[in-house]
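Summary of the model geometry
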Amino acid sequence: MGSLSIHELTAAYALDALDAEEAREYERHLAGCERCRSELAELSEGAAALAFGVEAPAPPDALRERILDHARSERANVVPLRPRWTRAAKVATAIAAAAAVVLAISTASLLRSLDSERSARERADRAVAVLSDPDAQRVPLQGGHGVLVTGMRGSALVIRDLDRAPAGMTYEAWVIENGRPIPAGTFDGGPDTTVHRLDRPVPPGSQVAVTVERDGGVDAPTGEILMSAKVA
Amino acid sequence: MAPRDLAHLSDEAVVALVARSDDTALAELYDRYGRVAYGLARRIVRDEALAQDAVQEAFLAVWRTAGRFVPERAKASTWILTLVHRRAVDLVRREERRRAESLELAPEPTTSAADDDAWLRLRRERVQAALRQLPDPQREALELAYYGGFTQSELAERLGQPIGTIKSRMFGGLTRLRELLGEESWEASRSTS
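Presented here is a report on the structure given in the accompanying data block. (Residues numbered from 1 in each chain as written. Chains lettered and ligands numbered in written order. Predicted model: local features only at pLDDT ≥ 70, side-chain atom pairs only at ≥ 80, totals over all residues.)

1. Focus on the overall build of chain A
How we decide: In this text, helices come from DSSP runs of H or I with a minimum length of four residues, and strands from runs of E with a minimum of two, each type numbered from the N-terminal end. Partly exposed residues are those whose C-beta has more than 12 but fewer than 20 other C-beta atoms within 10 Å; with 20 or more the residue is buried, with 12 or fewer it is exposed, and the C-beta atoms are placed from the backbone. This entry defines residue contacts through backbone-placed C-beta atoms, with two residues in contact when those atoms are within 7 Å.
Helix and strand counts for chain A stand at 8 helices and 8 strands. Burial statistics for chain A: of 232 residues in total, 40% are counted as buried. Taking the intrachain contacts of chain A between residues at least 6 apart in sequence as the baseline, contacts between residues at least 24 apart amount to 54%.

Set out below in structure tokens:
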């Protein structure tokens, strides 16, 4: 099969309609072809949708137990993480998985930022709840690398590559409703991804903005708006 | 480990926990997708014991390879169902007995209303409605390939068409199906159930 026609195998591959040899050849091609990888991602969504088109009676309860028993017996060979790390790692991976779609944040980076905030565990937990809400609205930030996530479980800013605030200064978030800015908490930035949960509601039609202010924050913004996002 | 409620986490976040060998997260994924997985496998292999084998192998593959799942590349549900589909097709291709009967996809046994799940029923109706909107040759190619487990060469032979025609029917059908179903409304249908 010539390389010109191999691109055309993407739909058949997505449907598992290649024989073993064709599939291997296509996979070798896939490793070096970004166009096919991207097309395969789209066509696979279509194929997986077909899975929902069949009658789905409940499987026997024993199947669930059998799968979990097998999985646990395999895990016995895995060296566990040190307990101190486990929880922070879980929180970080949960956030990373939820936010990666928009931001491509590394887990390691989030892990560092959360670990250094161990005292603020509860805050991290609330941020996880916000970021992992599949129904939350995600609005890219104008003026920065990041996103505003807002939904029924609250709102948070996730910002990447944010320089640490200058000495004696802090970043301050604002919720601007009908032209009136209301303070929504401060944060310091730094090398790790910043996750800042807004400590007030973000109503539809409002705007969230970030300015630089003196340490401790202020009641009304004095600096110019660095980043902002408008909520639909 | 104390039982935890993972219901508020996205599928992708749960997969990230599975990658850390968290068996409660694997149970959560099974509770979300085991039923669809079993329905799909049963449709393809047409045998309950084989269908259970396919589902078990697929979820153990999830358990072993969750660390390699890349959320930017695919939805977690797509990844899981792709694994299930591949296992089921592998199994059925080894079982020659399916070949004689399954060109005409026999009507399935209907699930009793009490045993049905409202969200799954809604999704099923939407997929079936979308399939009905495809031109017949495209629908036929998708159904025989995806539910029947036929390869493109087998399809070309059975349908008496050049392989290029089969390829373009599969491509056109999948593309159109995805458009008809639409990403956004998928998620909406889930959140309202």
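2. Quick notes on the sheet that holds strand 6 (residues 194–197) of chain A
Residues and elements named next belong to chain A. Just so we agree on the cut-off: A pair of strands is labelled paired if DSSP reports no fewer than 2 bridges between them. Throughout, an axis means a line fitted to C-alpha atoms (over the contacting stretch in the case of helices), and angles, computed between N-to-C directions, take values from 0 to 180 degrees.
Spatial ordering of the open sheet is given by 1-2-3-6, a layout of 4 strands whose pairing is antiparallel. Each edge of the sheet is formed by a strand with only one pairing partner; in this case those strands are strand 1 (137–140) and strand 6. Neighbour to neighbour, the strand axes of the sheet diverge by 20° on average, direction disregarded. Two strands pair when backbone bridges link them, and strand 1 and strand 2 (residues 145–151) are joined in this way by 4 bridges, in the antiparallel orientation. Residue pairing in the sheet places Val139 in a bridge with Leu148 of strand 2.

3. A look at the nonpolar core
Basically, it comes down to this: By convention the nonpolar core is taken to be a set of buried residues drawn from Ala, Val, Leu, Ile, Met, Phe, Trp, Tyr and Cys and joined through C-beta atoms within 7 Å.
Counting residues in each nonpolar core, the largest one holds 79 residues, and the members touching the most others are B:Val18, B:Ala37, B:Ala41, B:Val84 and B:Met170. With 13 residues, helix 2 (residues 23–45) of chain B is the single largest residue contributor to this core. Apart from the residues lying within four places of it in its own chain, the contact partners of B:Ala41 are B:Ala51, B:Ala54, B:Val55, B:Val84 and B:Ala88. With 29 residues, the next largest nonpolar core counts A:Leu157, A:Val195, A:Ala209 and A:Val210 among its residues.

4. Notes on the interface of chain A and chain B
What counts is decided by this rule: Each residue receives one of three labels: charged for Asp, Glu, Lys and Arg, nonpolar for Ala, Val, Leu, Ile, Met, Phe, Trp, Tyr, Cys and Pro, and polar for the others, Gly being one of them.
Each partner contributes residues to the interface: chain A has 53 residues there, and chain B has 66 residues. Elements represented by at least two residues in the side of chain A that touches chain B include exactly helix 2 (10–14), helix 4 (34–51), helix 5 (61–75) and helix 6 (83–103) of chain A. The greatest single-element share of the side of chain A that touches chain B, amounting to 11 residues, is contributed by helix 4 of chain A. Of the residues belonging to the side of chain A that touches chain B, the class tally is 34 nonpolar, 6 polar and 13 charged.

5. Topic: the sheet that holds strand 5 (residues 180–187) of chain A
All names here are of chain A. The strand order across the open sheet built from 4 strands is 5-4-7-8, with neighbouring strands paired in antiparallel fashion. Strand pairing shows two members of the sheet lacking a second neighbour, strand 5 and strand 8 (227–230), which therefore form its edges. Between one strand and the next, the sheet's axes are offset by a mean angle of 30°, whatever the strand orientation. Of the strand pairs in this sheet, strand 4 (residues 169–177) and strand 5 are connected by 6 bridges, and their pairing is antiparallel. Across the sheet, residue Val175 finds its bridge partner in strand 5, namely Ile182.

6. With respect to the pairing of strand 3 (residues 154–160) of chain A
Residue and element names in this part refer to chain A. For strand 3, the tally of buried residues reaches 6 of 7 residues, placing the bulk of the element in the interior. Inspection of the sheet shows strand 2 paired to strand 3 by 7 bridges, in the antiparallel sense. Considered in strand 3, the bridge of Val149 is made with Ala156. Linking two consecutive strands that pair antiparallel, namely strand 2 and strand 3, is a turn of 2 residues. In this structure, strand 3 lies alongside strand 6, joined through 4 bridges in antiparallel fashion. Counterpart to Val158 in the pairing with strand 6 is Val195.

7. Overview of unusual backbone geometry
Residues and elements named next belong to chain B. Of note, the phi angle at Ser21 is positive, near 60°, even though the residue is not glycine. Within the secondary structure, Ser21 is located in the loop between helix 1 (11–18) and helix 2. Here Ser21 falls in the buried class, since 20 other C-beta atoms lie within 10 Å of it. The residue Arg46 is not glycine, and still its phi comes out positive at about 55°. Summarising the element assignment, Arg46 is placed in the loop between helix 2 and helix 3 (48–65). Residue class for Arg46 comes out partly exposed when judged on the 18 C-beta atoms lying within 10 Å of it.

8. A word on helix 4 of chain A
Three or four residues apart is the spacing at which side chains of an α-helix point the same way, because the helix has 3.6 residues per turn. Definition in use: One less than the residue count of a helix, multiplied by 1.5 Å, gives the span that helix is expected to have.
Taking 1.5 Å of rise per residue, the 18 residues of helix 4 of chain A would be expected to cover 26 Å, and the 26 Å separating its terminal C-alpha atoms lies within 8% of that figure. Among the residues of helix 4 of chain A, those classed as buried are A:Cys36, A:Leu40, A:Leu43, A:Ser44, A:Glu45, A:Gly46, A:Ala47, A:Ala48, A:Ala49, A:Leu50 and A:Ala51.

9. Let's talk about the packing of helix 6 (residues 118–133) of chain B against helix 9 (residues 163–181) of chain B
Residue and element names in this part refer to chain B. Here is the rule: By the definition adopted for this analysis, an angle is roughly parallel if under 35 degrees, roughly antiparallel if over 145, roughly perpendicular if from 65 to 115, and oblique otherwise. Left-handed describes a crossing whose near helix is turned anticlockwise from the far helix through less than a right angle; right-handed describes the clockwise counterpart.
Close contact between helix 6 and helix 9 brings their axes to 10 Å; oriented N to C, the two are set at 130°. In terms of orientation, helix 6 lies oblique with respect to helix 9. Crossing hand, helix 6 versus helix 9: right-handed. Residues Arg126, Ala130 and Gln133 of helix 6 form the contact with helix 9, whose participating residues are Leu177, Leu180 and Leu181.

10. Looking at helix 7 (residues 136–147) of chain B
In this model helix 7 of chain B runs 16 Å from its N-terminal to its C-terminal C-alpha over 12 residues, within 8% of the 16 Å that 1.5 Å per residue would give. Taken residue by residue, helix 7 of chain B has B:Gln138, B:Ala141, B:Leu142, B:Leu144, B:Ala145, B:Tyr146 and B:Tyr147 as its buried positions. Buried residues belonging to helix 7 of chain B abut helix 4 of chain A together with helix 2, helix 8 (152–159) and helix 9 of chain B. Following helix 7 of chain B by one or two positions, B:Gly149 adopts a phi angle in the positive range, close to 75°.

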